[in-house]
Amino acid sequence: MKKILVAGYGNIGKALQNVASSYRVDLEFEFIDSAVNCSIEEYLKSVKIDSLPDILINLTGAASNEILLMCSERGINYIDTGVEVDNTTVRDVLEAFEIFKSSEPNVKAIIGAGMNPGIIEVIYSKYKPDYYHSAIELETDSAECSGEIFNTWSPFSLYSEFCVDNTFYYNREIVPLEKTAKQISFKESFGSRADRFNLVPHEEIVSMVRSNEKCLLSAFLYSPPKRISDYFISSSQKTAEKAIKNIPVYHDITGEDCVGILIHNEEQPDELFHYYYNRADHQECYKKYGVNGTSWQVVCGVLSAIHIIDLLTQKKVYTMTEIAEEHCDTIIEYLKTLGFFIEKKDYMLDGRLIMELQEIKNNHVLF
């Protein structure tokens, strides 16, 4: 039986425990949390050689590169749902991503093994076209709960994405923007409501664009639950920062989280936009696993990484984009066993989406 050490017993850690127990009887999980028993560093320094786990999954805010180094010294394979850095400017994230990718561990390591980053890269790998195109990562969360202000994942992390420097790719050139809460709106409905999307920075955009020279434009557009989105947009920075610690994460909610890739043919601009996505119903996930749909999607990405790590042949740091190049179909078939399916919708948009991204590029000062 494979031993898995999970660092972090918050929303995703609890969701992983609930979902995994329904599907993976061949895995033995141990959970640690600095607020409950011990930190990752304390555990790795004290654990005996004959009790080392096979895989460490980092769900905390601990620096990814430092934890990977400790795992490498002890021969523990490593999975992280993101690239954690002390600061969250675009420069910090991109620099951390490059440093992490260039490291040479003595183990296999997977970074960005959640939904986005994570499964979103598998979806892109499966459906990316062979013509010049835009690939827009699109997420809309229609969660509701009696008109309350809440989120389906960390409100602090959401706020940091709303209120830090931003970035996207345009004509294969990275476009860092000054701090902005810029919203993009266009004539269409994704998920169950018409949406205003927030342009936010995510590291998977880097790896996806680099994997395909015919991807000309990419960005991550996110529409969180409406009430928390409106609150952050309308509040001053000082007011929002004070409120974060009191904003809850709810699981027993209605609505759905739709996450996917919107692909557009840049050689034939009048063609339809193709949206490949997963739809997670919050209430269905809560009834099955006691967690909301957003947490369930992330856990599916983590379980996919556990499933695929034995098939990786080199000791190095992998992104899910790299893994999907060779194991895309294997991952998609495994996701189906978890009840995770990819749907497709075609849209005729009004052209404002690409135009607004072009305008943002032209009107902002680059670093």
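Before reading on, note that the structure itself is shown above.
Reference entry: report on the structure contained in this document.

1. A look at the nonpolar core
Here's step 1: If you look at the biggest cluster of nonpolar residues, it comprises 65 residues, and the most contacted ones within it are I57, I79, I110, W296, L303 and I306.
Here's step 2: The element best represented in this core is helix α11 (residues 293-308), accounting for nine residues.
Here's step 3: If you look at the next biggest cluster of nonpolar residues, it comprises 23 residues, including A7, I32, L52 and V83.

2. Describing the environment of C215
Here's step 1: Following the sequence through the fold, C215 ends up in strand β11 (residues 215-223).
Here's step 2: Classification of C215 as buried rests on a relative accessible area of 1%.
Here's step 3: Taking the C-alpha atoms as reference, C215 lies 5.7 Å from S134; in sequence the two are 81 residues apart.

3. What about the sheet that holds strand β3 (residues 55-58)?
Here's step 1: If you trace the six strands from one edge of the open sheet to the other, you get β2-β1-β3-β4-β5-β14, paired in parallel fashion. This sheet does not close on itself; its edge strands, each paired only once, are β2 (27-32) and β14 (317-319). Adjacent strand axes in the sheet meet at a mean angle of 20° when their direction is disregarded.
Here's step 2: Direction of pairing for β3 relative to strand β4 (residues 77-80): parallel, over a ladder of four bridges.

4. Brief notes about the packing of aromatic side chains
Here's step 1: One pass over the structure, following the stated rule, counts ten aromatic pairs.
Here's step 2: Ring geometry for Y127 and Y276: centres 4.1 Å apart, planes at 10°, overall stacked. One end of the pair, Y127, is in helix α5 (residues 119-127); the other, Y276, is in strand β13 (residues 273-281), with 149 residues separating them in the sequence.
Here's step 3: A relative accessible area of 12% means that Y276 is categorised as buried.
Here's step 4: With a centroid separation of 6.4 Å and 55° between ring planes, the pair formed by Y275 and Y347 is classed as tilted. Note that Y275 is positioned in strand β13 and Y347 in strand β15 (residues 343-347), a separation of 72 residues in sequence.
Here's step 5: Classification of Y275 by relative accessible area gives buried; the value is 1%.
Here's step 6: Residue classification places Y347 among the buried residues on the basis of a relative accessible area of 8%.
Here's step 7: Following the ring pairs from residue to residue traces out a cluster consisting of Y9, F29 and F31.
Here's step 8: Lying over the aromatic face of Y132, K214 brings its terminal NZ or CZ to 5.6 Å of the ring centre.

5. As for the packing of helix α10 (residues 282-289) against α11
Here's step 1: As a packed pair, α10 and α11 sit with axes 8 Å apart at the nearest point and diverge in direction by 70°. By the criterion of interaxial angle, the relationship of α10 to α11 is roughly perpendicular. Contacts from H282, C285 and Y289 in α10 reach G293, T294 and W296 in α11.

6. Points about the side chain of N292
Here's step 1: Mapped onto the elements, N292 comes out in the loop between α10 and α11.
Here's step 2: Within polar-contact distance, the side chain of N292 engages the backbone oxygen of Y250 at 2.9 Å.

7. A few points about the pattern of salt bridges
Here's step 1: Counted according to the given criterion, the structure contains eleven salt bridges.
Here's step 2: A salt bridge links R227 to E144; the nearest nitrogen and oxygen atoms lie 3.9 Å apart. Placement of the pair is R227 in helix α8 (residues 226-234) and E144 in the loop between β6 (133-141) and α6 (155-162), with a sequence separation of 83 residues.
Here's step 3: Linking E256 and R279 is a salt bridge whose minimum nitrogen-to-oxygen distance equals 3.5 Å. Pair noted here: E256 is in strand β12 (residues 256-265) and R279 is in strand β13, with a separation of 23 residues, a long-range link.
Here's step 4: Judged by relative accessible area, which is 13%, E256 ranks as buried.
Here's step 5: Residues participating in the shared-partner salt-bridge network are E256, R279 and E343.

8. Quick look at the packing of α5 against helix α12 (residues 320-337)
Here's step 1: Here α5 crosses α12 at 95°, and the two axes come no closer than 8 Å. One way to sum up the angle between α5 and α12 is to call them roughly perpendicular. Where α5 abuts α12, its residues I119, E121, V122, S125 and K126 lie against M320, T321, A324, E325, C328, D329, I331, I332 and L335.
Here's step 2: When grouped by side-chain class, the residues that make up the contact of α5 with α12 number eight nonpolar, two polar and four charged.

What counts, and at which threshold
- Residue numbers here run from 1 along each chain, matching the order of that chain's written sequence.
- Side-chain atom pairs in this predicted model are given and counted only at pLDDT of 80 or more, local residue features only at pLDDT of at least 70, and totals for whole chains, interfaces and linings cover all residues.
- Each side-chain value is worked out from all heavy atoms of the structure, with water and hydrogens disregarded.
- In plain words, nonpolar cores are sets of buried Ala, Val, Leu, Ile, Met, Phe, Trp, Tyr and Cys residues tied together by side-chain atoms within 4.5 Å.
- Exposure is judged per residue with a 1.4 Å probe applied to protein chains only, and the accessible area is read against the type maximum: over 50% gives exposed, under 20% gives buried, and values in between give partly exposed.
- Secondary structure is summarised from DSSP: a helix means a run of H or I of at least four residues, a strand means a run of E of at least two, and numbering begins at the N terminus for each.
- Strand pairing follows a simple DSSP-based rule, namely that at least 2 bridges must link the two strands.
- In this analysis, axes come from line fits to C-alpha atoms, helices being fitted only over the stretch in contact, and the angle between any two N-to-C directions falls in the range 0 to 180 degrees.
- Here a pair means two rings of Phe, Tyr or Trp (six-membered ring of Trp) with centres within 6.5 Å. Their orientation is stacked below 30 degrees between planes, edge-to-face above 60, and tilted elsewhere.
- In our convention, an over-ring charge means Lys NZ or Arg CZ found within 6 Å of a ring centre and within 35 degrees of that ring's normal.
- Roughly parallel here means an angle under 35 degrees, roughly antiparallel means over 145, roughly perpendicular means 65 to 115, and every remaining angle is called oblique.
- What makes two residues a contact is simply this: any of their non-hydrogen atoms within 4.5 Å.
- Polar contact is defined as a pair of N or O atoms within 3.5 Å, subject to the rule that within protein one atom must be able to donate a hydrogen and the other to accept it, and that residues adjacent in sequence are counted only when both atoms are side-chain atoms.
- A carboxyl oxygen of Asp or Glu within 4 Å of a side-chain nitrogen of Lys or Arg is what we treat as a salt bridge.
- Classification convention: Asp, Glu, Lys, Arg as charged; Ala, Val, Leu, Ile, Met, Phe, Trp, Tyr, Cys, Pro as nonpolar; all other residues, Gly among them, as polar.

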